[in-house]
Amino acid sequence: MIKNLIIVLLGVLFALGLGISQMTNPSKVIGFLDVTGNWDPSLAFVMAGAMTVYLIGYKFIFPKLTKPLLDFRFHLPNLIHIDKKLILGSVIFGIGWGLSGFCPGPGLVALASSNLEAIYFVLSMILGVAIYHWFSEEYSDMMDG
Amino acid sequence: MENFTPISSVLGGLLIGFSSIAMLLLSGRIAGISSILENGLFAWKDVQNRIWSLWFIVGLFLGGELLRVFMPESFGGAHLHKMWMVVLGGLLVGFGSRLGSGCTSGHGVCGLGRLSSRSLVSVLVFMSSAGLTVWVVRSFFP
């Protein structure tokens, strides 16, 4: 129970970080991606700040732990190869990000604003995730067969 | 450059980074929102292993409510984009982020923070395709 509560709290912090940095404002995001236009580099500072904190924790605290404080093991991705799925998926994700100005976290947080664009974005994003989920299950079934 | 906000950007980034690394050190999970969303949507298939995703999403919604009450300006103005772009964008973001195993948080924050070469490639690729898309939109669909 305490673990679930902490995870809720981390979600709140994450959302506040997105809001304070204005990742939740699609116009701000488009301004960052518009390198050849009236470029606003602010959001590079968001990623740099977040990544720096993560890197410090990963380099200096993570190696001292044999398991996470509230779980019995770490659940880390075990993929190492740079493959077609990674590249193609990233290209597609980037096009969607550029079109809408939303990525997944900010989209979910922006639902609270009740802006129509956030609602439409999240509904279609959920559909996109579901299509991938069904498609990949079918695909992996075929691979097993 | 008149909209440049380096201080609030770094501040927000630090919060995001703190939440993400705390997620790893406390519960051993990667705070990548696209995989959290997929896990949450299909949590019923493996409740034991996925239910935490729903709790995190609850936290995102609560945080959104706090923003709406105390910092409504963080959402910007509404209706700046053509709706077909938002809907198509959502589909592509959902599908592409799962195909590529991550988005701005999973690859951009956690992946780069773990010095993953897969994540570095992903970030460079999606930044480029997003930038190009914005240029195309501005040039051809003003």
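Definitions and cut-offs
Residues numbered from 1 in each chain as written. Chains lettered and ligands numbered in written order. Predicted model: local features only at pLDDT ≥ 70, side-chain atom pairs only at ≥ 80, totals over all residues. Heavy atoms only, no water. Contact = heavy atoms within 4.5 Å. Salt bridge = Lys/Arg side-chain N within 4 Å of Asp/Glu carboxyl O. Helix = DSSP H or I, 4+ residues; strand = E, 2+ residues; numbered from the N terminus. Axes fitted to C-alpha atoms, helices over the stretch in contact; angles between N-to-C directions. Left-handed = near helix turned anticlockwise from the far one by under 90°. Nonpolar A, V, L, I, M, F, W, Y, C, P; charged D, E, K, R; others polar. 1 Å grid on protein atoms, 1.4 Å probe; cavity = no way out; pocket = protein on both sides within 12 Å on 5 of 7 lines; lining within 4 Å. Points joined across faces, edges and corners; volume = space filled by probe spheres on them.

Peer 1: How should the interface of chain B and chain A be read in this particular structure?
Peer 2: It is common to give the size of an interface as the accessible area lost on bringing the parts into contact. Taken together, the contacts link 106 residues of chain B with 107 residues of chain A. Along the contact surface separating chain B from chain A lie two salt bridges. Among the salt bridges present, the one from D34 of chain A reaches R138 of chain B, with a minimum N-O distance of 3.0 Å. Secondary-structure elements contributing two or more residues to the side of chain B that touches chain A are α1 (6-27), α2 (33-41), α3 (47-70), α4 (83-99), α5 (104-113) and α6 (117-140) of chain B.

Peer 1: Would you mind showing me how to read the packing of helix α3 (residues 42-60) of chain A against α1 of chain B here?
Peer 2: Two quantities define a packed helix pair, namely the angle between the helix axes and the distance between the axes. It is at 7 Å that the axes of α3 of chain A and α1 of chain B come closest, and there the two elements cross at 35°. Here the hand of the crossing between α3 of chain A and α1 of chain B comes out right-handed. Residues S42, L43, F45, V46, G49, A50, V53, Y54, G57 and Y58 of chain A of α3 of chain A touch α1 of chain B, and the partners they reach there are P6, S9, V10, G13, L14, I16, G17, F18, S20, I21 and L24 of chain B. Class assignment of the residues belonging to the contact of α3 of chain A with α1 of chain B gives a composition of 14 nonpolar, seven polar and no charged.

Peer 1: What should I look at first to understand empty space enclosed by the protein in this one?
Peer 2: In this approach the atoms are scanned with a rolling probe the size of a water molecule, which exposes any empty space left behind. As enumerated under the stated definition, the model contains two cavities of 30 Å³ or more in all. Around the largest cavity, the lining comprises 18 residues; the ones closest to its centre are L18, M23 and M47 of chain A together with T104 and V109 of chain B. Put simply, the parts of the chain that give the lining of the largest cavity at least two residues each are α1 (2-20), α3 and α5 (104-110) of chain A together with α5 of chain B. The element best represented in the lining of the largest cavity is α3 of chain A, accounting for four residues. Looking at the lining of the largest cavity residue by residue, the class counts come to 15 nonpolar, three polar and no charged.

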